[in-house]
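# Residue-level structure breakdown
So you can see what is in the structure, the chains are spelled out below.
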Amino acid sequence: MCGIIGVLGNHEAAPILVEALKRLEYRGYDSAGIATVNRGALARRRAVGKLANLSDLLVHEPLAGKSGIGHTRWATHGAPTVGNAHPHKAGSVAVVHNGIIENFKELREELSHKDIRFSTDTDTETVALLCGYHMSQGLDPVDAARTTMRALEGAFALAFLFEGHEDLMIATRKGSPLAIGHGDGEMFVGSDAIALAPFTDQITYLEEDDFAVLTRSSLTIWDKHDMLANRDMRQIVLESARVDKDGHKHFMAKEIAEQPVALDRALNAYTNTSGDITLPEELDFTKIERLTMVACGTAYYACMVAKYWFETIARLPVEVDVASEFRYREPPVPAGTLALFVSQSGETADTLAALRYMEGKAHQIAGLVNVAESSIARGSDVVLPLHAGPEISVASTKAFTCQLTVLLMLAIRAAQQRGMALPEGMPADLRSLPGLIHQALATEQQVKSSSRDLAKAQDIIFLGRGQLYPLALEGALKLKELSYIHAEGYASGELKHGPIALIDEKVPVVVLAPRDALFEKTVSNMQEVMARGGKVILVTDAEGARLAGEGTHEVIVMPQVPNTLAPILYAIPAQQIAYFTAIAKGTDVDQPRNLAKSVTVE
Ligand code: AGP
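In what follows, the accompanying structure is described. Since this is a predicted model, take the numbers as computed values, not measurements.

What counts, and where the lines are drawn
- Residues numbered from 1 in each chain as written.
- Predicted model: local features only at pLDDT ≥ 70, side-chain atom pairs only at ≥ 80, totals over all residues.
- Heavy atoms only, no water.
- Helix = DSSP H or I, 4+ residues; strand = E, 2+ residues; numbered from the N terminus.
- Rg over C-alpha atoms; globule rule 2.2 N^0.38 Å.
- Buried < 20%, exposed > 50% of the residue type's maximum accessible area, 1.4 Å probe, protein only.
- Contact = heavy atoms within 4.5 Å.
- Areas by Shrake-Rupley, 256 points an atom, 1.4 Å probe, with all protein chains shown as cover.
- Lys, Arg positive; Asp, Glu negative; His and termini not counted.
- Charge placed at Lys NZ, Arg CZ, Asp CG, Glu CD.
- Near = heavy atom within 4 Å.
- Polar contact = N/O pair within 3.5 Å; in protein donor to acceptor, adjacent residues only side chain to side chain.
- 1 Å grid on protein atoms, 1.4 Å probe; cavity = no way out; pocket = protein on both sides within 12 Å on 5 of 7 lines; lining within 4 Å.
- Sits in = over half its atoms within 2 Å of the grid points.
- Nonpolar A, V, L, I, M, F, W, Y, C, P; charged D, E, K, R; others polar.

Turning our eyes to something else, we now look at the overall build of the chain. Across its full length, the chain holds 20 helices and 25 strands. For the chain, the C-alpha radius of gyration of 25 Å lies close to 25 Å, the compact-globule estimate for 602 residues. Each principal axis of the C-alpha distribution contributes one length, and for the chain these read about 80 × 50 × 45 Å. Out of the 602 residues belonging to the chain, those deemed buried represent 61%. Put simply, of all contacts in the chain between residues at least 6 apart along the chain, 71% involve residues at least 24 apart. Carbon together with sulfur atoms contributes 50% to the accessible area of the chain, which is approximately 22,100 Å² in total. When the 57 positive and 74 negative side-chain charges of the chain are each reduced to one mean point, those points stand 3 Å apart.

Summarising the element assignment, E474 is placed in helix 16 (residues 469-483). Judged by relative accessible area, which is 1%, E474 ranks as buried. Setting aside residues up to four positions removed in sequence, E474 forms contacts with T298, Y301, S396 and F400.

Okay, the site of the ligand next. Around the ligand, a shell composed of 15 residues is seen, among which S343, Q344, S345, T348 and E481 lie nearest. S396 is positioned such that a nitrogen or oxygen atom in its backbone is 2.9 Å from an oxygen atom of the ligand. Here the ligand is seated within the second largest pocket. Of all the secondary structure elements, the ones that give two or more residues to the shell around the ligand are helix 9 (297-313) and helix 16. Considered class by class, the residues forming the shell around the ligand number 6 nonpolar, 7 polar and 2 charged.

Glancing now at the side chain of N525. Structurally, N525 can be placed in helix 17 (residues 519-530). Judged by relative accessible area, which is 2%, N525 ranks as buried. Engagement of the side chain of N525 in a polar contact is seen with the side chain of R465, the distance being 3.2 Å.

Have a look at this one:
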C-alpha cells in the first residue's frame, strides 16, 4: 500500500509531485521521494518518514524539471531507509512501485549472474535494474519497460521515467490500481483520482495488465495480449475528491462528525420518496438461496453484524469470512449463492482475490464499495456505492456506519422479496438514523473522561452480545490501531471460557449493551467482571443505566434506539473511545504507525 504519482507537465514538477503525494500519504508514510528529468538529466530526492521531511529536503536541495515521478512508501521489503525509498534508479531509468513483486528473488538471481549488483533490499530495485539491463542490451525505453513488465509476477502499479526523455512516461498495472490524468497539454499518473484532483478531473483507469505510454499529447495503451486498447476517459466528481479537515484537528474527527450527513446520503441513495427501499434491479433476492460475505478488518465486522440481520429478518443463510482466509480455503459454492464483497477502498488485495475466486462460481457477485471506479467495483456484477464520501483517516469510521446502513437496507429488501415479515417500525425507522447518530455524537463528553483512564491501561477488553458482538471486535480494533494499546473483543458469553482469567483491577472492560433481550445475560457477565476487581465501562441506554449502572466504573448513556439499529449507533462511542484514548496517548491519529489506509498487498 504505497502511493505513486507521475507528471509530464508544463510547470516545475517537484511542487506538483509533493502536492499529489500529500493526497496519497494515507496509503503509507514510511518514506517519500521524487525524481525528475531536467535538461536530459535524471535526478532524485528521497527522505525517510513523513512527506514533510521530503519537502524540507527540497527546500535545501531543490529539484528542477517538468517531468517527474513520486512515491510515498509503506515498507514491504526492506526497512524504511533513504536507500530503500523510491524512486529506485538503475542507469538511465527511475521507477516508482506500489505492490509486491513475488518473483523478485529469482530475478535478482538472474541479474546477479550478469554481474549486476544491488544496493537495496527492495523488490522495486529489481524492476529498475531489469529495465536498465534491457536498455543496455539495446532495447529502447518502451520495449525495455514492456519486457520488464512481462517478466514480473505478483501485484504492481509502476511508473517509469527515463534519462534524456522529458516527454515520455511508462505506466503499467497488475493487481494494484493506477489512474491516468488528462491535463491541458499535460499528462498525469496516480494511484487514485484523489491525488490527481488538483490538476485534472479527466481520468482514465488502467485495466489489469495494461501497459501505457504517455507523452504530454498522447496516451497509448496495450492490453495483456499486447493489443492496442481503448479505455474510456471519465470525469470524476471533483466534490468527492475534496480532502481537507474542514477545521477539525484530525480527518478522523471530521469523518466521525460527518456520519449523520453520510448516512443520510446513503439512505437517500437506496430509498425512494415514499421511503421504500430501492436496489439495483439486477439484485433479486427471490433468486438467492444463500449469501456469502467477504471482507477485511472493520468491513468484516460490518458483515458480521449483517449476518444477524439477513438471518433473522430475511431468513437467508449467511456465511461470513475474512478475505485472507476465504481466498485460500476454496469453499464449495452452492447454486444460488450471492457473493457480497465489502470494502471501503475497493482495492484491498485479499478481498479482491476472494472476489476472483468466486468468479464463475457464484450466482452473482456484488461489491459494496466507497470508490465507484475501484477494482472490486469493476469486478462485480452489481455495484453498491457506499456514498460515505472520501475517507482519509486510516481508521474507518463513516464508511463502517454507512456499510451497516446499506447492509441493513439490503437485508430488509431481501426480507420483502422473500415474503418475510419486517421488524416493527422497519423500514420507516431507518429515517431516524441520521438524527440518532447526531445525538450519539453528543456522548463525546462522557467518553473523554473514561478515555483518560483507558490511556493508562496495558490491556482492555470489549464485550458485546448478539448483533453487538461484532461491535466489541470493532471497538477493540479501533482502540488498538489508534492507541497501540492491546485490546480484545469478545462475545460476552465467552468470557467465562478463558478470557476472564485476564480480569483484574488493571484491566478495563468496555461493555456495549443496549437494554435489549440479552441485556440481563450481559449484566451477569458484568457482575462476574466486577466481582474480580475489573473496572466496567458500560455503554448503554437510560434504561440500561438505571438497571445496571451501579458498581460500574463509568456509564456512557446512549439515546434509546430501535433494537435493529443498535449496532449502527453503538459504533459511535466505540469510535470516540478510540479517538480520545489515542489523543490522550499522543499517537498519530490519522496515520497510526505501521498502518496504511488501503491494503493493496497480501
Ligand atoms: C479499519 O479501521 C482499518 N483501517 C482496516 O481494518 C480496514 O477496515 C481494512 O483494511 C479493510 O479496508 P477496506 O474496507 O478498504 O477493504
